[in-house]
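The lines below spell out each chain.
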Amino acid sequence: ALGSDPTKDIEELAEKEVGKENFVEIPIGAGETEKILNALREASLKGKWIMLKNVHLSITLLRQVEKELKSIYSSNDSSNKNFNNFQVFLTSEPH
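Note that residues are indexed from 1 along each chain, following the sequence as it is written. Local features in a predicted model are, by the rule used here, given only for residues with pLDDT of at least 70; side-chain atom pairs are given and counted only at 80 or more, and totals for whole chains, interfaces and linings are based on all residues. Only hydrogens and water are set aside; all other atoms, that is, all heavy atoms of the structure, feed into the side-chain values.

(A) Focus on the overall build of the protein chain. Comment: elements are numbered from the N terminus, with helices defined as DSSP H or I runs of at least four residues and strands as E runs of at least two. In terms of helices and strands, the protein chain carries 3 helices and 3 strands. Reading the protein chain from its N terminus to its C terminus gives the helix and strand order α-β-α-β-α-β. With respect to the three principal axes, the spread of C-alpha positions in the protein chain is 40 × 30 × 20 Å. Residue exposure (1.4 Å probe, protein chains only): buried if accessible area is under 20% of the type maximum, exposed if over 50%, otherwise partly exposed. For the protein chain, the residues scored as buried account for 34% of the 95 residues in total. As used throughout, the charge tally considers Lys and Arg to be positive and Asp and Glu to be negative, leaving His and the chain termini uncounted. Where a charge lies is defined by one atom per residue type, namely NZ (Lys), CZ (Arg), CG (Asp) and CD (Glu). Charge-centre separation for the protein chain: the mean point of 12 positive side chains lies 4 Å from the mean point of 15 negative side chains.

Right, here's the structure in full:
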(Lines give C-alpha, C1' and ligand atoms only; values in the text may rest on other atoms or scores of the structure.)
Protein backbone atom coordinates (compact mmCIF):
# COMPACT_ATOMS: atom_id res chain seq x y z
CA ALA A 1 0.00 0.00 0.00
CA LEU A 2 1.11 3.55 -0.65
CA GLY A 3 3.05 4.84 2.31
CA SER A 4 3.50 1.47 3.97
CA ASP A 5 6.91 0.17 4.94
CA PRO A 6 7.34 -3.60 4.49
CA THR A 7 10.60 -3.72 6.44
CA LYS A 8 9.16 -5.19 9.65
CA ASP A 9 7.24 -7.92 7.79
CA ILE A 10 10.30 -8.89 5.74
CA GLU A 11 12.53 -8.88 8.84
CA GLU A 12 10.12 -11.25 10.60
CA LEU A 13 9.90 -13.54 7.58
CA ALA A 14 13.69 -13.56 7.17
CA GLU A 15 14.19 -14.44 10.84
CA LYS A 16 11.77 -17.35 10.44
CA GLU A 17 13.11 -18.60 7.09
CA VAL A 18 16.90 -17.99 7.19
CA GLY A 19 17.68 -16.56 10.62
CA LYS A 20 18.39 -12.99 11.67
CA GLU A 21 22.12 -13.46 11.04
CA ASN A 22 21.40 -14.16 7.36
CA PHE A 23 19.40 -11.00 6.73
CA VAL A 24 21.19 -7.80 5.72
CA GLU A 25 19.63 -4.36 5.38
CA ILE A 26 21.50 -1.63 3.52
CA PRO A 27 20.10 1.89 3.21
CA ILE A 28 21.00 3.56 -0.07
CA GLY A 29 23.42 6.43 0.39
CA ALA A 30 26.15 8.33 -1.38
CA GLY A 31 29.33 6.37 -1.92
CA GLU A 32 27.72 3.03 -1.09
CA THR A 33 27.91 1.43 -4.55
CA GLU A 34 30.84 -0.95 -3.93
CA LYS A 35 29.53 -1.86 -0.47
CA ILE A 36 26.17 -2.79 -2.00
CA LEU A 37 27.61 -4.75 -4.92
CA ASN A 38 29.94 -6.66 -2.59
CA ALA A 39 27.05 -7.38 -0.22
CA LEU A 40 25.02 -8.78 -3.13
CA ARG A 41 27.88 -11.08 -4.15
CA GLU A 42 28.41 -12.30 -0.59
CA ALA A 43 24.70 -12.83 -0.02
CA SER A 44 24.42 -14.92 -3.18
CA LEU A 45 27.30 -17.15 -2.09
CA LYS A 46 26.07 -17.57 1.48
CA GLY A 47 22.33 -17.78 0.80
CA LYS A 48 21.52 -14.59 2.65
CA TRP A 49 18.57 -12.29 2.18
CA ILE A 50 19.41 -8.68 1.45
CA MET A 51 17.20 -5.60 1.54
CA LEU A 52 18.23 -2.45 -0.26
CA LYS A 53 16.25 0.38 1.29
CA ASN A 54 15.18 3.64 -0.35
CA VAL A 55 16.36 2.76 -3.85
CA HIS A 56 14.47 5.78 -5.19
CA LEU A 57 17.40 7.85 -3.94
CA SER A 58 19.71 6.48 -6.62
CA ILE A 59 18.26 5.38 -9.94
CA THR A 60 21.83 5.11 -11.29
CA LEU A 61 22.67 2.60 -8.58
CA LEU A 62 19.65 0.51 -9.56
CA ARG A 63 21.14 0.03 -13.03
CA GLN A 64 24.36 -1.22 -11.44
CA VAL A 65 22.43 -3.52 -9.10
CA GLU A 66 20.51 -4.94 -12.06
CA LYS A 67 23.76 -5.58 -13.95
CA GLU A 68 25.32 -7.24 -10.90
CA LEU A 69 22.28 -9.46 -10.34
CA LYS A 70 22.35 -10.57 -13.98
CA SER A 71 26.02 -11.44 -13.55
CA ILE A 72 25.33 -13.32 -10.30
CA TYR A 73 22.50 -15.33 -11.82
CA SER A 74 24.36 -16.13 -15.04
CA SER A 75 27.45 -17.32 -13.18
CA ASN A 76 25.60 -19.28 -10.50
CA ASP A 77 27.34 -22.55 -9.77
CA SER A 78 24.57 -25.12 -9.41
CA SER A 79 26.61 -26.89 -6.73
CA ASN A 80 26.18 -23.86 -4.44
CA LYS A 81 23.21 -24.99 -2.36
CA ASN A 82 23.14 -21.64 -0.54
CA PHE A 83 22.22 -19.85 -3.74
CA ASN A 84 18.68 -21.23 -3.57
CA ASN A 85 18.11 -19.22 -0.37
CA PHE A 86 19.42 -15.96 -1.85
CA GLN A 87 16.74 -13.24 -1.95
CA VAL A 88 16.87 -9.54 -2.75
CA PHE A 89 14.26 -7.04 -1.58
CA LEU A 90 14.05 -3.39 -2.65
CA THR A 91 12.13 -0.64 -0.91
CA SER A 92 11.25 2.64 -2.54
CA GLU A 93 8.98 5.62 -2.32
CA PRO A 94 6.91 6.48 -5.39
CA HIS A 95 9.11 8.20 -7.94
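(B) Broad picture of the pairing of strand β2 (residues 49-53). The element β2 is largely enclosed, with a buried count of 5 among its 5 residues. In β2, alternate side chains face the same way, and those of Trp49, Met51 and Lys53 on one face and Ile50 and Leu52 on the other are all buried. The pairing of strand β1 (residues 23-27) with β2 spans 5 bridges and is parallel. For Ile26, the partnering residue across the bridge sits in β2 and is Leu52. Whether two strands pair comes down to DSSP finding at least two bridges between them. Two strands pair when backbone bridges link them, and β2 and strand β3 (residues 87-90) are joined in this way by 4 bridges, in the parallel orientation. Following the sheet pairing, Trp49 is matched in β3 by Gln87.

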